[in-house]
Amino acid sequence: VTDGMQELPRYALVFGMLCVLCAFFDLVPLLASLSGRSEVTLEPVQRIKSDEMTRITYTTIVRTTPFFDSDQGWLYNGSSIAMIVSPIAMLLGAYLAITAHFEVQRLGQARVDEQDAAWWRRDDFGVRGEDFDRMPMGTLLDGTG
């Protein structure tokens, strides 16, 4: 972390919005696959050649397996786990980034309020506000006597 995270306000909200977008695009295939994951294959069945063209007939085979299937092996089940974990991680990242953005905004506004409050408590001589309570008795506000 360099410069005390000076660039955080610029990028936190953008990162949060991108995480929400990625979570949406991760949720769409997850919800479509919860009832079972499908694999589509095309196999040529028949070829007919003529003088000007070749006609090929294909068969489409759709094989649907459960979302988790012990017969498919660790790669298949690992990708099923990744399909669940990815939107969760994206939503967590979005929550953290958006929370950080609003916290930085809140603290920035508190600093502005603090600077504005200090402005009305002081005049050119520094005798108003907190300094007024520490002035010796008998001191006039114009700085004399």
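Preceding block: the structure.
The rules we used
Residues numbered from 1 in each chain as written. Predicted model: local features only at pLDDT ≥ 70, side-chain atom pairs only at ≥ 80, totals over all residues. Heavy atoms only, no water. Helix = DSSP H or I, 4+ residues; strand = E, 2+ residues; numbered from the N terminus. Buried < 20%, exposed > 50% of the residue type's maximum accessible area, 1.4 Å probe, protein only. Contact = heavy atoms within 4.5 Å. Areas by Shrake-Rupley, 256 points an atom, 1.4 Å probe, with all protein chains shown as cover. Expected span 1.5 Å × (residues − 1). Pairing = 2+ DSSP bridges. Phe/Tyr/Trp six-rings, centres within 6.5 Å; stacked < 30°, edge-to-face > 60°. Lys NZ or Arg CZ within 6 Å of the ring centre and 35° of its normal. Disulfide = S-S within 2.5 Å. Salt bridge = Lys/Arg side-chain N within 4 Å of Asp/Glu carboxyl O.

## Describing the overall build of the chain
At step 1: Scanning the chain for helices and strands turns up 3 helices and 2 strands.
At step 2: When the 145 residues of the chain are sorted by exposure, 17% land in the buried category.
At step 3: Put simply, of all contacts in the chain between residues at least 6 apart along the chain, 48% involve residues at least 24 apart.
At step 4: Carbon and sulfur atoms make up 62% of the accessible area of the chain, which amounts to about 11,800 Å² in all.

## Things to note about helix H1 (residues 8-33)
Side chains of residues three or four places apart in an α-helix project in the same direction, reflecting 3.6 residues per turn.
At step 1: An ideal rise of 1.5 Å per residue puts 38 Å on 26 residues; H1 measures up with 37 Å between its terminal C-alpha atoms.
At step 2: Turning to H1, its buried residues are Ala12, Gly16, Cys19, Ala23, Leu30 and Ser33.

## Here we look at the environment of leucine 27
At step 1: Along the chain, leucine 27 turns up in helix H1.
At step 2: Spatially, the C-alpha atoms of leucine 27 and isoleucine 84 are 8.3 Å apart, while their sequence positions differ by 57 residues.

## Thoughts on the pairing of strand S2 (residues 54-65)
At step 1: Here strand S1 (residues 37-49) runs beside S2; their pairing, made up of 12 bridges, is antiparallel. The partner of leucine 42 across the bridge, within S2, is threonine 60.
At step 2: In this antiparallel pair of consecutive strands, S1 and S2, the connection spans 4 residues.

## Quick notes on the packing of aromatic side chains
At step 1: If you walk through the whole model with that rule in mind, you get 2 aromatic pairs.
At step 2: A centroid spacing of 5.2 Å and a plane angle of 70 degrees characterise the contact between phenylalanine 24 and phenylalanine 25, whose relative ring orientation is edge-to-face.
At step 3: Seen from their ring centres, phenylalanine 67 and phenylalanine 68 are 5.1 Å apart, and the 90 degrees between their planes marks the pair as edge-to-face.
At step 4: In this structure phenylalanine 67 comes out as buried when scored by relative accessible area, which is 7%.
At step 5: Over the aromatic face of tyrosine 76 sits the side chain of arginine 37, whose NZ or CZ is 4.2 Å from the ring centroid.

## Observations regarding the state of the cysteines
At step 1: Evaluation of the coordinates by the stated rule reveals 0 disulfides.
At step 2: Free of any disulfide, cysteine 19 has its nearest cysteine sulfur in cysteine 22, 6.6 Å distant.
At step 3: Take cysteine 19: its relative accessible area is 6%, and that puts it in the buried class.
At step 4: Judged by relative accessible area, which is 39%, cysteine 22 ranks as partly exposed.

## Quick look at the pattern of salt bridges
At step 1: Scanning the model with the defined rule gives 2 salt bridges in all.
At step 2: Note that arginine 63 and glutamate 39 form a salt bridge whose closest N and O atoms lie 4.0 Å from each other. Highlighted residues: arginine 63 in strand S2 and glutamate 39 in strand S1, separated in sequence by 24 residues.
At step 3: We note a salt bridge from glutamate 103 to arginine 106, for which the minimum N-O separation is 2.4 Å. You can see glutamate 103 and its partner arginine 106 sitting in helix H2 (residues 74-121), 3 residues apart, about one turn around the helix.
At step 4: Under the relative-accessibility criterion, glutamate 103 is labelled partly exposed at 34%.
At step 5: On the accessibility criterion, arginine 106 (48% relative accessible area) is partly exposed.

Treat this as a map of the structure, not an account of what it does.
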